[in-house]
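So you can see what is in the structure, the chains are spelled out below.
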Amino acid sequence: MHIPNKKDFLILVFLLLFSTIQFILILRHKSPYLSDSYFYKHIFYQFQGNSFQESRELVLNQVDFANSGQISRNIFQNKAVYSQVYDFFKKRPLYPFLAYLFNKILHNEYQAFLLPVFISYLGVVLLAFYFFSQGLNRFFAAFTASLFISFYPFLDWSTYFLTDTMGAAFWLLQLFFIYKFAKDMNPKWLYLFSFFLVISFLNREQSILMLPLLVLASLFVRVFKIGNFKKKFFRATVVSFLLTILYILVSYATNQKNVLDTLIYTMNSYGLYSNSYSNLQVINYIAQAVIDSHLVFVRELVSRHWWFVLCLFALFKVVKLLIRLKPSILDILMICSAVASYLAIFIYPVLSYRFFFPVVITVVYFASGFIHDFFKVGKVTEQ
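Residues numbered from 1 in each chain as written. Predicted model: local features only at pLDDT ≥ 70, side-chain atom pairs only at ≥ 80, totals over all residues. Heavy atoms only, no water.

### Notes on the overall build of the protein chain
When helices and strands are tallied, the protein chain shows 19 helices and zero strands. Relative to the compact-globule value of 21 Å for 383 residues, the protein chain shows a C-alpha radius of gyration of 22 Å, a close match. For the protein chain, the spread of C-alpha atoms along the principal axes amounts to about 80 × 45 × 45 Å. With 383 residues in all, the protein chain has 48% of them scored as buried. Each charge class in the protein chain was averaged separately, 33 positive and 17 negative side chains, and the resulting centres sit 10 Å apart. (Helix = DSSP H or I, 4+ residues; strand = E, 2+ residues; numbered from the N terminus. Rg over C-alpha atoms; globule rule 2.2 N^0.38 Å. Buried < 20%, exposed > 50% of the residue type's maximum accessible area, 1.4 Å probe, protein only. Lys, Arg positive; Asp, Glu negative; His and termini not counted. Charge placed at Lys NZ, Arg CZ, Asp CG, Glu CD.)

Structure follows, in structure tokens:
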């Protein structure tokens with residue numbers, strides 16, 4: 001990645017320092033542990049050589065049952081439910097493995113779990129600023145990055161020992177490789193995209209959505225007849241398709257938990273009940289949950305006036321680009337990134353902003369583009 005000049009470098013340093021200070025300050029007032037965090041710790045203990053039962057005992061000694069709700073107590077105290085939930089996390093070994101490696105150096109469990117999420121947090125800021133600087137001038141790139149950093153759920157969720165911010169970093173990193181490959185056709189970018197796509201599957205399953213992102217981008221470049229990008233996106237789409245199918249087949253062959261298992265687990269109040277559901281009941285649950293999630297989102301968006309305005313600005317900018325048939329390759333990737341990330345709500349219909357950081361990045365990018373266009377000053381001519 002190339003930062004064009006010293007001013008851009010200084011802006012980036014400021015953004016990273018500011019982000020770091022925010023990260024440290026919020027950690028002083030909160031615990032980074034949620035229920036999910038303890039299952040990553042369980043896998044971490046297994047990497048250290050502990051048995052399943054030994055790892056569970058180490059976890060149980062750390063859970064604050066006095067301040068836990070009924071669902072959390074049931075997850076940790078009911079051995080059958082604990083084993084069931086563990087099966088959802090054992091297919092995500094990357095985070096606990098990185099913590100295991102860091103712990104070999106630091107000999108500090110807390111810091112070992114903190115570093116991967118902190119590096120990912122800064123990585124998201126860095127990559128977001130890179131994309132903003134590609135499509136906007138220096139001031140608006142800095143302004144847009146500041147808007148994204150000020151999105152509180154990004155900071156809040158990044159300070160938990162979870163894999164969501166790591167997932168966002170992988171998402172943007174893959175988007176970066178796709179963008180570079182589309183720009184200069186150097187096969188090394190496609191190789192790097194393939195490598196990090198595979199690695200990202202070990203973190204979270206969300207990178208499966210890279211496939212619809214690339215399919216949609218391929219359609220865009222065909223419709224808008226943008227340069228010679230059709231061949232480039234076709235190759236990237238084929239690679240993503242093959243690796244995604246391979247991941248699904250391996251998951252099936254190794255009997256990993258799938259989306260249907262996750263939905264039924266959620267419908268059973270995260271293991272509190274053990275009801276069986278028909279396919280029709282699952283479909284009805286998804287449909288209702290998607291509707292409810294959108295209603296909650298609309299209410300929250302309307303109540304946060306500036307973010308509502310930014311979303312309107314972004315929508316105006318995108319519509320203007322599409323009507324005038326003038327989107328750049330970066331514009332297309334940003335649109336497709338938001339749409340693909342948004343599709344997650346139809347797979348796992350739970351509204352949590354930690355799943356949609358790419359959507360927020362796209363919103364602030366196009367909102368800033370709209371503001372830039374509105375206040376753009378043309379050449380002054382002598383009368």
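### Considering helix 12 (residues 210–223)
Between its terminal C-alpha atoms helix 12 stretches 20 Å, which fits the 20 Å expected from 14 residues at 1.5 Å a residue. All of the buried residues in helix 12 are M210, L211, L213, L214, A217, S218, F220 and V221. Following helix 12 by one or two positions, K225 adopts a phi angle in the positive range, close to 50°. (Expected span 1.5 Å × (residues − 1).)

### Digging into the packing of aromatic side chains
Aromatic ring pairs: the centre-centre distance and the angle between the two ring planes describe each pair. A full pass over the atoms with the stated rule returns 53 aromatic pairs. On the numbers, 5.4 Å between centres and 90° between planes, the contact of Y342 with F346 is edge-to-face. Here K257 stacks its cationic end above the ring of F88, 5.3 Å away from the centre of that ring. Residue placement shows R354 over the ring face of W157; its charged tip is 4.5 Å from the ring centre. (Phe/Tyr/Trp six-rings, centres within 6.5 Å; stacked < 30°, edge-to-face > 60°. Lys NZ or Arg CZ within 6 Å of the ring centre and 35° of its normal.)

### A closer look at a nonpolar patch on the surface
A cluster of nonpolar side chains, contributed by F297, V298, V302, F308, L312, L315, F316, V319 and I323, occupies part of the molecular surface with about 770 Å² of accessible area. Elements that contribute at least two residues to the nonpolar patch include exactly helix 15 (279–303) and helix 16 (305–323). The element contributing the most residues to the nonpolar patch is helix 16, with six residues. Residue placement: V319 occurs in helix 16. For V319, a relative accessible area of 38% corresponds to the partly exposed category. (Patch = residues over 30% accessible without salt bridge, like charges linked within 9 Å, V, L, I, M, F, W, Y side chains within 5 Å. Areas by Shrake-Rupley, 256 points an atom, 1.4 Å probe, with all protein chains shown as cover. Salt bridge = Lys/Arg side-chain N within 4 Å of Asp/Glu carboxyl O.)

### Some words on the side chain of T237
Mapped onto the elements of the fold, T237 is located in helix 13 (residues 229–253). Residue class for T237 comes out buried when judged on its relative accessible area of 13%. In this structure T237 touches L211, L214, V215 and S218, once residues within four positions along its chain are discounted. (Contact = heavy atoms within 4.5 Å.)

### Here we look at the side chain of S368
Mapped onto the elements of the fold, S368 is located in helix 19 (residues 357–375). For S368, a relative accessible area of 0% corresponds to the buried category. In this structure S368 touches L136, F140, F143, T144 and L147, once residues within four positions along its chain are discounted.

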